[in-house]
Amino acid sequence: MFVRDFMITDVVCVEIPGNRDDVLRILKRTGISGVPVLKDGELVGIITRKDLLRKAEETQLGLLMTPDPVVIRPDAPISEAAQLMVHHNIRRLPVMEDGKMIGLISVADLIGAIAQLRVTLPIRDNYTSKTYALWEETPLSLVGRILEISGYDAIPILMEDGTLIGIISERDLIRHSRIEDGVEVSDFSNGTDDDEWTWESIRDMHTISYGISRIQLLPIPVKNAMVKNVLAVPLNAEVGECALKMRRARVDQLPVVNGNKRLVAMLFDRELIKVLLPDQQQALRKN
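First, a word on scope: everything that follows refers to the structure included in this document. Just so it is clear, the model here is predicted, and its values are computed rather than measured. (Residues numbered from 1 in each chain as written. Predicted model: local features only at pLDDT ≥ 70, side-chain atom pairs only at ≥ 80, totals over all residues. Heavy atoms only, no water.)

Re the nonpolar core
Residues Ile105, Leu110, Ile123, Leu267 and Leu272 are the most contacted members of the largest nonpolar core, which totals 36 residues. The element that contributes the greatest number of residues to this core is helix H6 (residues 107-117), accounting for six residues. Contacts of Ile123, omitting those with residues within four sequence positions, involve Thr128, Val233, Pro234, Leu235, Ala237, Glu238, Val239, Cys242, Val256, Leu267 and Leu272. (Core = buried A, V, L, I, M, F, W, Y, C linked by side-chain atoms within 4.5 Å. Buried < 20%, exposed > 50% of the residue type's maximum accessible area, 1.4 Å probe, protein only. Helix = DSSP H or I, 4+ residues; strand = E, 2+ residues; numbered from the N terminus. Contact = heavy atoms within 4.5 Å.)

If you want it as C-alpha cells, here you go:
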C-alpha cells in the first residue's frame, strides 16, 4: 500500500501574495483542516486551522504559514506517511515528484487505508486518549482558548447531569468565526507621571491609531456551535471498525463510552494511524 494509492490529486492551494480572508473562506466552505501555500507555483508552506485561530490578528500568508513543510514521495509506503505524521505531529503531507507537488495525503486518507485493512485489534489497549469535557453553556471564545492551551483538536460537551450531548472541534470554531475590523490607539509619550523632570505643559504626546483585522469567534455558548447526535464507540471496539466509522461519518474523533454509556476516553484519528507504524505492523503479523 503506497502513498500514490491514497493521496488526493485535486489539491486546494493558496498563492503568495494572498489574502488570509480567502483562506478562512476556503476552510469554512470545504471543511478541510489546512491548505498548501505556493509561490510562483512552488510549494513554500502550509496554513492550517490552528494557524488562523492562534494568530487571529495576522493577515499575511507568509507569517501565518508553517514554512518548509514535511513532504513525501508518491512511491513511499503508507507506513512512512504515518511515521512522519506521528513524529512531526502534523495532519497532512504534500506529495512531491521531480520538485513539484502532485498531491496531498492526510490523516483522513490513512484512516481510509486502515478501514480497508480490517484490523481486529481492540482500541482500548493502545489507541484511546484521556480527555476532559466542557459544559454546554461554556462561551465559544473560552472553548477556543482551552483548545489552544490543551493542544486538543476536539473536546466533548456535557449537560449538567454529565450526559454527553456533543463534540466541539477546530472545524466548528472556524465555521463559527468572523472577521472583525477595528481601530487601536498606542500612546508613545516621552514623559511619564513618575518623571519629576517632565512638565505637563511640555510633555511630548504622541499617539498612533492603526487598524486591526482579527478572526473572532462568535459570542455564543458552545451548545450552539457543537456537533450534536455524536457517534460513540465502546472500549472493546476494533481498530478497523472505528476507522470505517470515521471514514463514513467524515469525523476526526470518536467519543469512547463504557457499558453505562458514560464518557471514558476519546479516540482521535491521529492516534489510530499509529497502527500503520512499522513496529505495529510487525506485531500484527505475529498475531
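On we go.
Considerations on the pattern of salt bridges
Following the criterion strictly, the structure yields 18 salt bridges and no others. Asp21 is the salt-bridge partner of Arg20, the closest N and O atoms lying 3.1 Å from each other. The buried category is assigned to Arg20, whose relative accessible area is 1%. On the basis of relative accessible area, Asp21 is assigned to the partly exposed category, the value being 21%. Between Arg73 and Glu80 there is a salt bridge; the shortest N-O distance is 3.4 Å. The partly exposed category is assigned to Arg73, whose relative accessible area is 39%. Among the residues examined, Glu80 registers a relative accessible area of 25% and is labelled partly exposed. Via salt bridges that share partners, Arg49, Arg91, Arg171, Asp252 and Asp269 belong to a single interconnected network. (Salt bridge = Lys/Arg side-chain N within 4 Å of Asp/Glu carboxyl O.)

Some remarks on the side chain of Asp51
The residue Asp51 is located in helix H3 (residues 49-54) in this model. At 2.9 Å, the side chain of Asp51 and the backbone nitrogen of Thr48 are in polar contact. (Polar contact = N/O pair within 3.5 Å; in protein donor to acceptor, adjacent residues only side chain to side chain.)

Quick look at helix H2 (residues 20-30)
Buried residues of H2: Arg20, Val23, Leu24, Ile26 and Leu27, and no others. In an axial view of H2, the angular spread of the buried residues amounts to 160°, which keeps them on one side of the axis. Capping the start of H2 is the job of one residue whose side-chain oxygen sits 2.6 Å from the backbone nitrogen of Asp21: Asn19. Backbone geometry just downstream of H2 places Gly31 in the positive-phi region, at approximately 80°. (Arc of directions from axis to C-beta.)

Some details on the environment of Ile8
In this fold, Ile8 is placed in the loop between helix H1 (3-6) and strand S1 (14-15). Look past the residues within four positions of Ile8 in its chain and what remains in contact with it is Ile102, Gly103, Leu104 and Asp109.

Quick word on the pairing of strand S3 (residues 42-48)
Extensive coverage of S3 is indicated by the burial of five of its seven residues. For strand S2 (residues 34-39) and S3, the ladder comprises six bridges, and the chain directions are antiparallel. Within S3, the position partnered with Leu38 by the bridge is Leu43. Once S2 ends, the chain turns through two residues before running back antiparallel as S3, passing Asp40 with a positive phi of about 55°. Note: S3 against strand S4 (residues 66-67), two bridges, orientation antiparallel. (Pairing = 2+ DSSP bridges.)

Remarks on the sheet that holds S1
Across the sheet, four strands lie side by side as S1-S2-S3-S4; this open sheet has mixed pairing. Unpaired on one side and paired on the other, S1 and S4 mark the two borders of the sheet. In the packing of H2 onto the sheet, contacts are made with S1, S2 and S3, and the angle to S2 comes to roughly 145°. (Axes fitted to C-alpha atoms, helices over the stretch in contact; angles between N-to-C directions.)

Remarks on unusual backbone geometry
When glycine is set aside, most residues are seen to have a negative phi, and most peptide bonds are trans. Here Ile16 and Pro17 are connected by a cis peptide whose omega angle stands at 0°. Turning to its location among the elements, Pro17 is positioned in the loop between S1 and H2. The backbone of Asp98 sits at a positive phi, close to 55°, despite the residue not being glycine. Residue position: Asp98 is located in the loop between strand S5 (92-97) and strand S6 (100-106). Asp98 sits in the exposed class, given a relative accessible area of 78%.

Focus: the packing of aromatic side chains
In this structure the tally under the stated criterion is two aromatic pairs. With 5.3 Å between their ring centres and 85° between their planes, Tyr132 and Tyr152 make a pair best called edge-to-face. Taken together, the residues span a long stretch of sequence, with Tyr132 in the loop between strand S7 (128-129) and strand S8 (134-135) and Tyr152 in the loop between helix H7 (140-150) and strand S9 (154-158) at a distance of 20 residues. Judged by its relative accessible area of 30%, Tyr132 falls in the partly exposed class. Residue Tyr152 is classed as buried on the basis of its relative accessible area, which comes to 17%. Ring geometry for Tyr152 and Phe268: centres 6.0 Å apart, planes at 50°, overall tilted. Taken as a pair, Tyr152 in the loop between H7 and S9 and Phe268 in strand S15 (residues 263-268) lie far apart in primary sequence, 116 residues in all. (Phe/Tyr/Trp six-rings, centres within 6.5 Å; stacked < 30°, edge-to-face > 60°.)

Everything listed here is a matter of geometry and, on its own, says nothing about what the molecule does.
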